[in-house]
Amino acid sequence: MSTDYGYDLWWLVILNSLIFIVFAFSFIRPKTKLDWRALAGYSAFIVALFTEMYGFPLTIYLLSGWLGNSVPGLDPLTHNSGHLWQDLFGWPGDANLSPLHVLSNVLIAAGFSLLYLAWRVLYAAQASHRLATTGLYARVRHPQYLGFLTIMLGFLLQWPTLLTLLMFPVLVIVYLRLARKEERLMAADFGETYAAYRRQVPGFFPRFGRRPAGTGQKRQEGP
């Protein structure tokens, strides 16, 4: 495939994948099996995304006939056609300046901010062997899982592919299961302290105006 179309650029696949994976790694500093599983799911999504963005456009190839009939004048094998939402909604102009692309950048930045801010609180809590209940942990119990999902949602708005669209709901289920497993470990370690914290603080969707009471004296595991 000609690189004039913006594909077959495998060095960009590797470079971008490494940048976003290492960036996330530097924020969460995985230590436990739960940490590594969370990072692995995110990493698989990132590699699948950039493989289609710069390597081989499998989604565009599979949908080329339908796209050619549905979007008059569209050349489905050009790199810009990878912005599928732009094509399907018929928005004119530069896809990089579309409302969805701007929103996707906001979500990606917000997701990395969640990872970083959550890690700072968790690191301090682990250093003093207590339960993390301040900062983002005062609003949601699983801010790092929420950060990963926010980043992936942002990329889906920017460059959807069949594989990542299928992977996203699966990863939502995976992170929910990891969260439940983490909570069982926390309940075993912190007992009533964690039970009280769990009653006051939602898992993924924050309720503003309420804060958890008290902290534990043991180290918190996982994101």
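**Observations concerning helix α1 (residues 10-28)**
1) Next: Here α1 is 19 residues long and its end C-alpha atoms lie 27 Å apart, about the 27 Å a rise of 1.5 Å per residue gives.
2) Next: Within the span of α1, buried status applies to Leu-12, Val-13, Asn-16, Ser-17, Phe-20, Ile-21, Ala-24, Phe-27 and Ile-28. End-on, the buried residues of α1 take up no more than an arc of 140°, which puts them together on one face. Every exposed residue of α1 that faces more than 90 degrees away from the buried side is listed here: Trp-11 and Ile-14.
3) Next: Buried residues along α1 sit in contact with α2 (33-55), α5 (99-127) and α6 (143-158).
4) Next: Of the residues one or two after α1, Arg-29 is the one with positive phi, at around 45°.

**Observations regarding the side chain of Thr-161**
1) Next: Relative to the helices and strands, Thr-161 is located in the loop between α6 and α7 (162-190).
2) Next: Within the local environment of Thr-161, its side chain forms a polar contact with the side chain of Thr-164, the two groups lying 2.7 Å apart.
3) Next: Setting aside its immediate chain neighbours within four residues, Thr-161 contacts Glu-52 and Thr-59.

**Notes on the packing of α5 against α6**
1) Next: Put simply, α5 and α6 touch, their axes get as near as 7 Å, and they point 165° apart. As judged from the angle between their axes, α5 and α6 are roughly antiparallel. Note on packing geometry: the crossing formed by α5 with α6 is left-handed.
2) Next: Residues that form the contact of α5 with α6 fall into these classes: 17 nonpolar, nine polar and no charged.

**Regarding the pattern of salt bridges**
1) Next: Within the structure shown, the criterion is met by three salt bridges.
2) Next: Across the salt bridge formed by Glu-183 and Arg-198, the nearest N and O atoms sit 3.2 Å from each other. Here Glu-183 is found in helix α7, whereas its partner Arg-198 is found in helix α8 (residues 192-200), with 15 residues between them in sequence.
3) Next: What emerges from the salt-bridge pattern is a single network uniting Arg-141, Glu-183 and Arg-198.

**Quick notes on unusual backbone geometry**
1) Next: Of note, Arg-29 is a non-glycine position whose phi angle comes to about 45°, a positive value.
2) Next: Here Arg-29 shows up in the loop between α1 and α2.
3) Next: A positive phi is found at His-129, a non-glycine position, where the angle reads about 55°.
4) Next: Within the fold, His-129 resides in the loop between α5 and α6.

**Describing a nonpolar patch on the surface**
1) Next: A surface patch of nonpolar side chains, about 590 Å² in accessible area, is lined by Trp-10, Phe-56, Leu-58, Tyr-61, Leu-62 and Leu-162.
2) Next: For the nonpolar patch, the element with the highest residue contribution is helix α3 (residues 58-70), accounting for three residues.

Cut-off values and rules
- Residues numbered from 1 in each chain as written.
- Predicted model: local features only at pLDDT ≥ 70, side-chain atom pairs only at ≥ 80, totals over all residues.
- Heavy atoms only, no water.
- Helix = DSSP H or I, 4+ residues; strand = E, 2+ residues; numbered from the N terminus.
- Expected span 1.5 Å × (residues − 1).
- Buried < 20%, exposed > 50% of the residue type's maximum accessible area, 1.4 Å probe, protein only.
- Arc of directions from axis to C-beta.
- Contact = heavy atoms within 4.5 Å.
- Polar contact = N/O pair within 3.5 Å; in protein donor to acceptor, adjacent residues only side chain to side chain.
- Axes fitted to C-alpha atoms, helices over the stretch in contact; angles between N-to-C directions.
- Parallel < 35°, antiparallel > 145°, perpendicular 65-115°, else oblique.
- Left-handed = near helix turned anticlockwise from the far one by under 90°.
- Nonpolar A, V, L, I, M, F, W, Y, C, P; charged D, E, K, R; others polar.
- Salt bridge = Lys/Arg side-chain N within 4 Å of Asp/Glu carboxyl O.
- Patch = residues over 30% accessible without salt bridge, like charges linked within 9 Å, V, L, I, M, F, W, Y side chains within 5 Å.
- Areas by Shrake-Rupley, 256 points an atom, 1.4 Å probe, with all protein chains shown as cover.

Keep in mind that these numbers describe shape and distance, not what the molecule does.
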